[in-house]
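These are the residues of each chain, in order.
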There are 2 protein chains.
Amino acid sequence: MNRLAAIIGGGVIGGGWAARFLLMGWDVNLFDPNPETMRKINEVLSNARRSLPALYEHKLPNEGQLNHVPTIEEAVKSAEWISESVPERLELKQKVLGEVQTHCSPDAIIASSTSGFKPTELQAKSSRPEQIIVAHPFNPVYLCPLAELVGNAATIKNAQTILSGIGMYPLHIRKEIDAHIADRLLEAVWREGLWLIKDGIATTKELDDAIIYGFGLRWAQMGLFETYRVAGGEAGMAHFITQFGPCLKWPWTKLMDVPDLTDDLVQKIATQSDKQSGHHSIRELERIRDDNLVGILRSLKGRDWAAGALLNQQDKLLTTDDIDTNKLLPTINRVIPIDWTDYNGHMNEARYAQVFSDAVDKVMQLVGCDADYIAAGHSYFTAELKINYLNECHAGDGVNVISQILLGEGKKLRVYHQMHHDDGRLLATGDHFLLHVSLTTRASCPPVGTVAQKLPIFAAAQAKLPNPLES
Amino acid sequence: MNRLAAIIGGGVIGGGWAARFLLMGWDVNLFDPNPETMRKINEVLSNARRSLPALYEHKLPNEGQLNHVPTIEEAVKSAEWISESVPERLELKQKVLGEVQTHCSPDAIIASSTSGFKPTELQAKSSRPEQIIVAHPFNPVYLCPLAELVGNAATIKNAQTILSGIGMYPLHIRKEIDAHIADRLLEAVWREGLWLIKDGIATTKELDDAIIYGFGLRWAQMGLFETYRVAGGEAGMAHFITQFGPCLKWPWTKLMDVPDLTDDLVQKIATQSDKQSGHHSIRELERIRDDNLVGILRSLKGRDWAAGALLNQQDKLLTTDDIDTNKLLPTINRVIPIDWTDYNGHMNEARYAQVFSDAVDKVMQLVGCDADYIAAGHSYFTAELKINYLNECHAGDGVNVISQILLGEGKKLRVYHQMHHDDGRLLATGDHFLLHVSLTTRASCPPVGTVAQKLPIFAAAQAKLPNPLES
C-alpha cells in the first residue's frame, strides 16, 4: 500500500507538493473548498508529469492516487505527512493547524509551507507544538529541491527522511527567524529592485537581464560565499572579506526605506512586465521555465554537483539489480527528457545511441565490469554500433530496452538491444560490438577476475535464447 | 590583421577580459607592472581555453596574440578597445585613465571595469569625457556574458557592437548610479547574509545551499520579475505585487545597519568557508565552476533561451556556407565540450552519433533541406546509422568531419563521414542511411522542390570522388 500525504490548500504551492508526492508514488488526500481546486491541481500535475520524471535515468514509481476530500478530518486522519499551504495569515494558519491536530495521528508530521512565520507563532495555540514544523518549499515545488525546515529537531529528522525520499533537499534552519533564510535574501533583492524601478534607473527586463546573464548563472551551481571564495583566489576568504568590506559603507543600496507601493508604482511594474514577457502566456512561461530547469538540473547531474548530485543519489534508489541473467535483460526503463529532442520534435537520433550506450553499461555491470573493475584498470570499449531506426518518440515518452548478449568470448562482447516505446512499438534496434581493453595500454586484451569468471556462464545462458537476428 | 584590445591591469577581471578577446581572435596588449602578471594571466587563459570554445558548435577564430608590454603608452596607442581593470580606488583610476587618454586614439573606446564608480567620477579630470565609459563584467569574464555599460550613448552603441562580437550581453544602464544595477542587488544579499552569519542563524554553507537548491536555479534562466510573474499566475503582475507588497513592511531583513567587520566575524566566515569548500583547491573550484557554467549555458542553448540564445546567435556568426560541393564536404569543425564525456574520461560513444547527426544536418542543408523546407512539410529521417570507433578523444579536443554523399537517388540518401582529431588521427567513421519523408503522413516519399533539383547534381558530383568503402 502506498504511503499517504495530506495537502491542505491547493494553490500553486499546495499543488506543487501534491504533484511531487504523487509522482514519487505516494497517495495524496487534498482538502481545499475552492470549487476551482481540481482544475488548478490538474494544471500543476500536468506540468509536473512532463518535467519531473525527465530528471532521472530510471522510471519513477507508479503515480499515487489523488483524492479530493470534503473535510480536513478526512484528509489527515490516516496521513503520515500533512502539508499546510493556506494563505499567509497567522490566525487562519493557527485555526487550520488546530483542526488538523484534532484529527491527525500524533505521529504524523505537520509541515507548514509558510514563507514568513516562525514555528513558535504557528504552534502558539497547540497542545502538541513539537508536531508542527515549517517546511518552506520553492516554486515550482515539483522541480526545485529546496525545503527549509524549522522547528523541533526530532520532528525535523523524520521530515528530512521523508523529503529526501521524494528527491528534495531538506535544509535544517537551526534557529527560527522571520522569513527563514532564503526569503530574507530574496526580500533584500526585491526591495532594491523596486527602488531601481521607482527611480527610473532600470526596468523589470533590465533587472532580470542583469540577473540571468550574470550572477544568476553563477548561483545555479555555487552560492554567494563559494562564488566569492573562488573570486578571492589564493589569498583566502578572510582577505577577500576584509577587502570587500568597506564597500558595505558606500551608498550602494537604498537601505532605510521601503518604497510606497502606490498605484503608479504597481502599474509601472505591471506595464514593464507585460512588455518584457507578455508575448508568452503564463502557461507557456511555466513550461519554458520547467524545460529550462530540467536542462539546468540535468547539466548539473552530469557534473554530479549541487542539485545535480541529488538527482544522482535518487537514481541509485530507483535502479534495480535483480535481473535474471538466463532471460532477455531489461536494461533500460526511463522517460525521454526534453534536452534529448531536436527541431523535428522527436528524440534526436544520437540519443538512441545514448540509450543503447546506457544499456550496454548495464550489461557490463551485470557481467562484473563495474566501477571497481574499471578503477582497477580494465574496461570495454565500443568498436562498432549499428542502429536501425524504426519509429519516432518524443519528450516525456516512456521507453524500455531489452538487451541480449550474442557473443561473450575472449576479448569480444556483442550485445543486441531492442528499444520499445511503453505503448509496445519497437522504436529501434542497436547492435553493439565491444572489445575488452587494458586502460593502461589502451590495447585490447582478455577479461580478468570477476568478468573472466562471470561472462562465459552468462553468455552461455543467453545463447540458449532465440537469436533475434535469425528470426 | 587582427583587431587590437589593450588591457590595463592583469588581475582576475583584466585577465578574464584578455582571455575573452584573445579566444575570439583579437590581439591583446597587456600592461601590468606586477612581476606575477604573466603567471596569473596564463592561469586564467588556461581555464578559458578549456571552457569557452566548448560553448559553441563551431570552432572559434584562431587565438590572437598576447603581448605583455612595459608601458601604458605602448599598450594603448593602436588599440581600438581599452579595458581599465586596476584596483577600485578612484584617484588611481583617474590617473591611469589620464595616461591612457594621453596616448590612445580619440576613436578608441576606454572602458572601465569598475564595480562602483559612476562614469562622471571617472571622467572628472578628462578632456574627452565621452570616450570613457563603464563596462562592468562578471567573473569569470570569459564565460559570464553580462557587461553593464554606463556613459555616453554614442560610445556605448559602438561598445555594444564590439562586445556582442565577442559573445557578451552588453546591457545599457541608462542612468548612472553608484554600483550600477547588478552589484546593488548583490550587495543587498551580501549584507543580509553577513547578518545571518553574525547572528548565528546560518553558516556560509547553509546560505549557499539556500541559493543553489532554490532561487539560484530559477535565476539562471528567469530573473526576479519574470519568476514572480509566473508564480503570480493568471491574476497578473499588478495583483501579485499588491499581494506581496505588505511583506516589505514585515521584519524580514536587517535594514538599517551594516554589521561591523570585526576580526571575530571575518574569522567566523573564513572558518565556515574552509569547512564548506576547503577540501577543494581554488584551482579545482575554478574548473568545477567553469564546467558547471558550460553545462548550464549549453543546456540553455538547447532551449534557445536567455544566455543560451546568445550562444546560438554567435554560432551563426561562426558557421560558413561556402562549401565546394564537388569535393569532400567539410561538415563539422568543433571542440568537444565537457558534457559529452563519460566516466572513462573520453567522449561518450553516443556523442560520436551526435557529431555525425550534426554532419548529416549540414549535408541536408547543402542539398536544400533547410529549416524552410522542413517547415513546408518534408525532411529526411535516419533509417540506419553504423559507427566504427577507432580512436579516443577528450573534452577540449578539436575534431572535424569530412562527409561524402554515396547515394542520393529517389527517396534514399546515404552519407559517409570520417571524423578526425585535429592532430590527424581518424577517430571514427559513420555510415548514414536516410529516407526522405513527408512530415504530414510520416511516410517516405521522393524529394520535392529545391531538394529534387539540387540533390541529383550534387550526388553526381560526389560520385566522382573515390569511394571510401572501396579503398
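Computed from a prediction, not measured in an experiment: that's the story for all the values here.

Conventions adopted
- Residues numbered from 1 in each chain as written.
- Chains lettered and ligands numbered in written order.
- Predicted model: local features only at pLDDT ≥ 70, side-chain atom pairs only at ≥ 80, totals over all residues.
- Least-squares fit on C-alpha atoms with pLDDT ≥ 70 in both.
- Contact = placed C-beta atoms within 7 Å.
- Buried ≥ 20, exposed ≤ 12 C-beta atoms within 10 Å, placed from the backbone.
- Helix = DSSP H or I, 4+ residues; strand = E, 2+ residues; numbered from the N terminus.
- Pairing = 2+ DSSP bridges.
- pLDDT = per-residue confidence, 0-100.
- Right-handed = clockwise from strand over helix to strand, strands pointing away.
- Axes fitted to C-alpha atoms, helices over the stretch in contact; angles between N-to-C directions.

Participant: Report on the relation of the copies chain B and chain A, specifying residues and quantitative values.
Facilitator: With an RMSD of 0.0 Å, chain B superimposes on chain A once it is rotated by 180° and translated 0.0 Å along the axis. Taken together, the turn and the small shift mark the pair as related by a two-fold rotation axis. Measuring from the rotation axis to each C-alpha of chain B, the shortest distance belongs to lysine 386 of chain B, at 2.1 Å. In this assembly the copies share their binding face: 100% of the residues contributing to the interface of chain B also contribute to that of chain A.

Participant: Describe the pairing of strand 5 (residues 109–112) of chain A, with residues and values.
Facilitator: Residues and elements named next belong to chain A. Along strand 5, one buried face is formed by Ile109 and Ala111 and the opposite face, lined by Ile110 and Ser112, is buried too. Summarising the sheet, strand 4 (residues 81–84) and strand 5 pair through 4 bridges and their orientation is parallel. Its bridge partner lying in strand 5, tryptophan 81 is registered against isoleucine 109. Bridge count between strand 5 and strand 6 (residues 132–137): 3 bridges; the pairing is parallel. Along strand 6, the bridge assignment pairs serine 112 with valine 134.

Participant: Kindly report on the confidence of the model for chain A, identifying the contributing residues and their values.
Facilitator: Taken residue by residue, chain A gives an average pLDDT of 90. The fraction at 70 or more is 95%. Overall fold confidence (pTM) sits at 0.89, and the ipTM for the predicted complex is 0.88.

Participant: Explain the pairing of strand 4 of chain A to me, using residue names and the numbers behind them.
Facilitator: All names here are of chain A. Side chains Trp81 and Ser83 of strand 4 all project onto a buried face; the interleaved residues Ile82 and Glu84 project onto the opposite face, where all are buried too. As defined by bridge partners, strand 1 (residues 4–8) adjoins strand 4 across 4 bridges and the pair is classed as parallel. Of the residues in strand 4, the one forming a bridge with alanine 5 is tryptophan 81. Traced from strand 4 through helix 4 (residues 90–103) to strand 5, the parallel crossover comes out right-handed.

Participant: Account for the sheet that holds strand 8 (residues 169–172) of chain B, with residues named and values stated.
Facilitator: The strands making up a sheet are joined through hydrogen bonds of the backbone, oriented either antiparallel or parallel. All names here are of chain B. Taken in spatial order, the 8 strands of this open sheet run 3-2-1-4-5-6-7-8, and their pairing is mixed. A single partner strand is all that each edge strand has here, and the edge strands are strand 3 (66–68) and strand 8. When strand polarity is set aside, the average angle formed by the axes of neighbouring strands in this sheet is 25°. The pairing of strand 7 (residues 146–150) with strand 8 spans 4 bridges and is parallel. Bridge pairing links leucine 149 to histidine 172 in strand 8.

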